[in-house]
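If you want the building blocks of each chain, they are given just below.
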Amino acid sequence: MSHIALSHYTPQENTCKDCQQASFRKGRGRLLLLLLLFFLLSFPAFPQSAGRQVTGRVTDAKTGKGVSYVTCKTLGERDSLMAYALTDGTGAFTLTLPDGAEAVEFTLMGYDKKRIKARDARQGMRVRLAPSGIMLKEVTVKARPIDVHKDTINYNVAAFQGKEDRYIEDVLKKMPGIEVADNGAIRYKGRPINKFNIEGQDLLGNQYNQATRNMPADAVATVQVMEDDQPIRALKDRVPSDKATLNIKLKQGYKLRPFGEARGGIGGFNDVLWNNSLTLMNVGRKNQLLLTAKMDNNGENLSENTVEHIDYSDADNYEPLPGEMIQTDGMAQPPISEKRYLRNKSYSVGLNHVHRIGRYGSLRTNITYYGTSNHNEDSTYNYYGGEQTLSLSETNRRKLSSHTLMPHFRYEHNAPKVYLVDELSGSLSFFKLTSDKLTSRQGDLTQQESNDVFEQTRDIFKSTSDELTSKQGEMPRLLAGQISSSARPLSACQLNEISSSARDMSAYQLRESADRHPGYLQNKLRMTINAGANVYSVNSLFRYFRRSETLAVGENDGDAEGNSAYSFSPYSITPSSIYQLSQRLELERLMTRSSVSTIFRVLGNSLELKYTFELRSDNVAVDGNRGYRTTYMKHSFMPGYSIVYGRGHIGIEVPVSVFTSRVPWSGVSGGTKVYASPSLRWRHEFSPFWRMNIMGGISRDPSADVMTPEEFARDYRTRLLTADRIGWTRRSGASFSLNYSNLVTLFVWNVMASASWSTSDHYNEYTYGNDLTTVRPVWKDVKSRSLFVLTSVDKTFAGTGESVKATVSYNRTALPVAQNGVTADITANVLTTAMTLRWSRWKWLSVTDRPTFNLTWQDPYAWSAGHNTLKSFYNEADVHLFPLSGLDISLSWEYNVLEVERGRYRRNSFLDASVRYSLSKKIDLRLAMSNLLNRKVYEEASFSGLNYGYFSLPLRGREVLFSVAFSI
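Rules behind the numbers
Residues numbered from 1 in each chain as written. Predicted model: local features only at pLDDT ≥ 70, side-chain atom pairs only at ≥ 80, totals over all residues. Heavy atoms only, no water. Salt bridge = Lys/Arg side-chain N within 4 Å of Asp/Glu carboxyl O. Helix = DSSP H or I, 4+ residues; strand = E, 2+ residues; numbered from the N terminus. Buried < 20%, exposed > 50% of the residue type's maximum accessible area, 1.4 Å probe, protein only. Pairing = 2+ DSSP bridges. Axes fitted to C-alpha atoms, helices over the stretch in contact; angles between N-to-C directions. Core = buried A, V, L, I, M, F, W, Y, C linked by side-chain atoms within 4.5 Å. Polar contact = N/O pair within 3.5 Å; in protein donor to acceptor, adjacent residues only side chain to side chain. pLDDT = per-residue confidence, 0-100. Contact = heavy atoms within 4.5 Å.

Moving on: the pattern of salt bridges. One pass over the structure, following the stated rule, counts 58 salt bridges. For Arg166, the salt bridge identified is with Glu261, shortest N-O distance 2.7 Å. Residue Arg166 is found in the loop between α2 (157-160) and α3 (168-172), and its partner Glu261 is found in strand β17 (residues 258-268); the two are separated by 95 residues along the sequence. Of the two residues, Arg166 and Glu261, both sit in the buried class. Two residues, Arg691 and Glu685, come together in a salt bridge whose shortest N-O distance is 3.2 Å.

Let us now look at the sheet that holds strand β10 (residues 152-156). Read across the open sheet, the 5 strands follow the order β9-β10-β15-β16-β14; overall the sheet is mixed. Edge positions in the open sheet fall to β9 (146-149) and β14 (195-198), since each of these has one partner strand only. Averaged over all pairs of adjacent strands, the angle between their axes in this sheet comes to 20 degrees, without regard to strand direction. When β14 meets strand β16 (residues 245-250), the two strands line up parallel, connected through 4 bridges. Directly across from Asn197, in β16, lies its bridge partner Asn247.

Our focus in this paragraph is the nonpolar core. Buried together is how nonpolar side chains tend to be arranged in soluble globular proteins. The biggest cluster of nonpolar side chains holds 51 residues, and the ones touching the most others in it are Tyr155, Val223 and Ile248. Counting residues in each nonpolar core, the second largest holds 26 residues, with Val553, Leu587, Val620 and Val622 among its members.

On to unusual backbone geometry. Of note, the phi angle at Leu256 is positive, near 60 degrees, even though the residue is not glycine. Within the chain, Asn934 stands out as a residue other than glycine whose phi angle is a positive 60 degrees. With respect to the secondary-structure elements, Asn934 resides in the loop between β47 (923-930) and β48 (937-944). Asn934 sits in the partly exposed class, given a relative accessible area of 24%.

In regular strands, side chains alternate between the two faces of the sheet. Along strand β37 (residues 747-760), 12 of the 14 residues are buried, which leaves the element largely enclosed by surrounding structure. Bridge count between strand β36 (residues 728-742) and β37: 14 bridges; the pairing is antiparallel. Residue Thr729 lies in a different strand from β37, and its bridge partner there is Ser760. Hairpin connection of β36 to β37: 4 residues between the antiparallel strands, including Leu746 at a positive phi of 55 degrees. Looking at chain direction, β37 and strand β40 (residues 782-797) are connected through 14 bridges and run antiparallel. Pairing of Ser758 across the sheet is with Ser784, part of β40.

Mapped onto the elements, Asp378 comes out in strand β21 (residues 361-384). Classification of Asp378 by relative accessible area gives buried; the value is 2%. Within the structure, Asp378 has its side chain in polar contact with the side chain of Arg398 (distance 3.0 Å).

Further remarks concern the confidence of the model for the protein. Taken over all residues, the pLDDT of the protein has a mean of 83, while the share at 70 or more is 83%. Between the elements of the protein, mean pLDDT differs from a low of 32, seen in helix α6 (residues 465-469), to a high of 96, seen in strand β19 (residues 287-296). Within the model, the stretch residues 460-504 combines pLDDT values under 50 with 117 contacts to residues more than four positions away or in other chains. Scored below 50 in pLDDT, residues 559-572 makes 33 contacts in the model with residues more than four places away or belonging to other chains.

Let us now look at the sheet that holds strand β4 (residues 81-86). Consider a sheet: its strands pair through backbone hydrogen bonds, and that pairing is either parallel or antiparallel. Pairing in this open sheet of 4 strands is antiparallel, and the strands run β4-β3-β6-β7 from one edge to the other. On the outer flanks of this sheet lie β4 and β7 (114-117), each paired with one strand and no other. Here the strands of the sheet are splayed against their neighbours by 20 degrees on average, with no regard to which way each runs. Where strand β3 (residues 71-75) meets β4, 5 bridges bridge the pair, whose relative direction is antiparallel.

Set out below in structure tokens:
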């Protein structure tokens, strides 16, 4: 059974998974409805009918030549915009005239506007534009921001690029309709993109961060978006797609030659800092090459440069990796920039090459490496509620070392009649985490006693080192709330102070070491043959996965110099024999999924018949004992029917599955299950501006948990007993989205909502004991619900350098929680408003502001004391000044206000500054100063089901970095 995490957070990429249906609380429900009503009333009504289409050609009245990029607009009552089109290179256009159209207007800079009545518009019409009397030398002619040709949208990079934008990702974030998540994932009109191409070639697959975060924006002329693109040529006009392909078009001077950037940086304040990188790219007619290499120790997380953005909707080719059985890295991720607290030495390398073979073939190689050595510290306090309660305080000093190598080889032949792709990939990782812990726990507390312990913990967090030194001799400086720069986590001495008024609190000093060595080999094969009347496909996914995990826990006897990692009074430490252990877990997983299908015409539409076979076999060994095997097989037959009509398409699928499982070591028979999972998709375009998507379905899914009959340790105090049979979850869900996109006025609006209901046949019960935490499966049906609603607005003001992106979202989740003898349904609510404002009307100034407000609360339940409401506010602001040519002076301010308990707020403010000067087109100098206010600590509180948590984290201090960049 899952816990609900109700805490402060900065919204990440919003997805509509596991969303719920539940009633709003009275006051907050009204607030949400008012906000949604405000957005809904801000937009025009839908067109009522399709009307008719006219075609024609626009020519120059003097020369008679066709005029391209003329805006052709259909206007209604009071000149409201009803439809639009742009002329192509010959001046030709096709324009829709809905019922109620009053006039048609043709405009282009340098020509007089022409307007005709809608009733006079006809097929094959000829429109002649007269050059205007304005002398072009007296005006500044700017490139058109967006051009539209049928389903291809061309974003002119120069129209959106600011002087402060260095890489293409910086510009993508400004383009209307395009969203870039914090992890680099790209969405278009709320949907993940199909592919990321460079000059029509798929160089990177789903690892396109290497390009977006390293490719110079100055090298890119156009960003093309092909809407509703079916990337498999053999399936065009047979299988509709509602996703877009993004294609990068380079400037002519960057083709057929190497280009990139080399950067070196050094600095410091307390420690020596370095940040070095190399990007080298070559785009030719038959070959493309991208080499990226980075190394740094100034808090930049380089793992995101090699992240793979998974398409979770591709059911045939997506299979998640098994979850980690040993989970020792419990450090929370606070909602502030990772560079504020990450103490790292990181390295990443990416080598990518694609070679075109003939007209339709390509061979691609991608090899990525990521390695890091991180150090971090934190102090936590957790109260676990229930009939029996536990108060647990911990300080941690962790050292992480990890290395991952991922080779990937892909051959593709994408012809109109035959599609063939084979991908061979693998991964090999080495992970080691050592954690020095000081832990103190107090069992069977009353709520008031737990509050007293928390109050004293918080007071110690806020004490100064001088005050503490006067209490119990020479004690270490604190991790949180410290004035001294040598802040440390809570020591046993401080924990003694906490326990002085609480009964039976014991402290342990431990060293916890975890090693993990996962690796896999995987192959994906797909072939599609378009035989005209019929389409035949074969798809296969094979993966062999192996992982060994070890966990060792012992008493911490001090570091190599014989000094303890923490200062403490000897009498305060309890012998830690109850936690001493040495454990080894080994997992082997073999899985394969293969399918054959055919598509043929029935009543003018496509009927697909598909058979899928899936096999998964796990073998788990604990401490070198014999392995325990779990196997399941699934046979599925799916008829699917797609109805394509003028303004949309409807897809219906009814897969029927037969599932069998075998768990020899369990006395419970797996049996055979037969079930259907019907689904419906409907896509409709009301007009060129309005688009709607509706999806719904019912499914039944087996659990993917690793199972073994032997209890094992997940960390130093948690003991887990897995299920002895494969569990099941029945789900039903529905989602709705509505999109308004007007690329003439550069305005995009989205609203989306989804709900889901699920019933699982078992849950996990957590027992937080005085010494150990145990997790046990309970075989009983439990229900959960979720609801997610989001609306967003994206408006760019062409020619003024101003844009607004705003989002309002509400998430409500109802999940069961079982711990310490108490079972309760906990309903968590999160209301978030976020906005990005950009202003660069003046050439010498650019301002960006990103405010976010969160309101989180839990509905009252039997053991709660109200709604447990917490509020938070985050704001990031950037100001760039350009007083001289080539000079960029910037200030960045990050500010947040967090409610750590009712009525008590923690404020964090960070100020960064940088100066960048371009000596020439080839050389840039940059001086960056971070955390000028020298903030030392971050703290946060959260509710999670029946629990309450509080933690503090030391931050990186004031730092300076000087770098030189050479453009290649």
